[in-house]
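Examining the three-dimensional arrangement
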Amino acid sequence: MKGLQERIRQEGLILSDTVLKVDSFLNHQVDTELVLQIGQEFKRIFGHQPITKVLTVEASGIQFAMAAGIALEVPFIYAKKKKAVTLSEAVYSAPVHSFTRKEDYLISISQKYLGPEDKVLIVDDFLATGAALVGLVDIVNEAGAQLMGVGCVIEKSFQEGRSLLEDKGVAVHSLARIASMAPGEIRFIDEASS
Ligand code: 5GP
């Protein structure tokens, strides 16, 4: 998505070698029109498959999963982050190590909302180390559902997330793939190869 790349170039703040801040249009203040376009782009990429649910993890994946759900006309589910295992209902859960917060947490979703009949598209804002997405993939497998693919808005391709997912046989599509970044200079992997 060229428009997305432009916004990242114009408004992205590089906080360190590995952390990009996009709070002005994606992660804090949200450009709703752009997010709806992102949903349509996920539909263009994945919509030929019989997807029944979109899955993400709270909080920063929610608006993109909702946009994809609207475009694909299916519900979306967001996994909740819990520290303690105080569960009032049967859940699927997976441990995740947070790249940005440097802490471990558990993600869970109710078994009521995902099962073997589901064909799932996983969506998230960033693909970095892949820990969050691997956790979601584990939950889909635990539920006996079928994973149709993973869609990320921004992929930092210099981190290991994509290869971790591809090693598990997962089809990954990212709308903006960052090859490298330094203050004033973000290089993208050409869209044709993404
Ligand atoms: P991962 O598990 O792939 O390492 O990253 C998981 C989550 O960390 C992403 O869903 C995203 O919320 C957050 N994250 C990772 N890298 C970045 C980054 O460079 N900038 C921002 N804003 N969030 C990030």
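Now for a quick tour of the structure. Note that the coordinates shown come from a computational prediction; the quantities given were computed from them, not determined experimentally.

**Re the overall build of the protein**
Looking only at helices and strands, the protein features six helices and 10 strands. At 16 Å, the protein has a C-alpha radius of gyration in line with the 16 Å of a compact globule built from 194 residues. Dimensions of the protein along its principal axes, counting C-alpha atoms only, are 50 × 35 × 35 Å. Within the protein, buried positions represent 40% of all 194 residues. Intrachain contacts of the protein at a sequence separation of at least 6 include 59% that bridge at least 24 residues.

**Re the sheet that holds strand β5 (residues 91-97)**
Taken in spatial order, the eight strands of this open sheet run β5-β6-β4-β3-β7-β8-β9-β10, and their pairing is mixed. Sheet topology places β5 and β10 (185-188) at the edges, where each strand pairs with a single neighbour. Neighbouring strand axes in the sheet, compared pairwise and without regard to direction, differ in orientation by 25° on average. Strand direction decides the pairing type here: strand β3 (residues 53-57) and strand β4 (residues 76-82), joined by four bridges, are parallel. By the bridge assignment, Leu55 is partnered in β4 with Ile77. Along the sheet, helix α1 (residues 2-11) makes contact with β8 (146-156), β9 (172-182) and β10, crossing β9 at roughly 30°. Across the face of the sheet, helix α4 (residues 62-72) comes into contact with β3, β4, β7 (119-127) and β8 while running at roughly 175° to β3.

**Some remarks on the site of the ligand**
Looking at the ligand, there are 18 residues lining it, with Phe99, Ala128, Thr129, Ala131 and Ala132 nearest. Looking at the shell around the ligand, the element that brings in the most residues is β7, giving four residues.

**Concerning the environment of Thr18**
If you trace the backbone, Thr18 turns up in the loop between β1 (13-14) and β2 (20-21). In this structure, the C-alpha to C-alpha distance between Thr18 and Glu155, residues 137 residues apart in sequence, is 11 Å. Not counting residues within four places of it along the chain, the set of residues in contact with Thr18 comprises Lys156 and Gln159.

**So, the pairing of β8**
Most of β8 is tucked away, with nine of its 11 residues classed as buried. As judged from the eight bridges shared by β7 and β8, these two strands associate in the parallel manner. Looking at the pairing, Val123 lines up with Gly151 of β8. Each parallel crossover has a hand, and for β7 linked through helix α5 (residues 131-143) to β8 it is right-handed.

Rules and cut-offs
- Residues numbered from 1 in each chain as written.
- Predicted model: local features only at pLDDT ≥ 70, side-chain atom pairs only at ≥ 80, totals over all residues.
- Helix = DSSP H or I, 4+ residues; strand = E, 2+ residues; numbered from the N terminus.
- Rg over C-alpha atoms; globule rule 2.2 N^0.38 Å.
- Buried ≥ 20, exposed ≤ 12 C-beta atoms within 10 Å, placed from the backbone.
- Contact = placed C-beta atoms within 7 Å.
- Pairing = 2+ DSSP bridges.
- Axes fitted to C-alpha atoms, helices over the stretch in contact; angles between N-to-C directions.
- Near = placed C-beta within 6 Å.
- Right-handed = clockwise from strand over helix to strand, strands pointing away.

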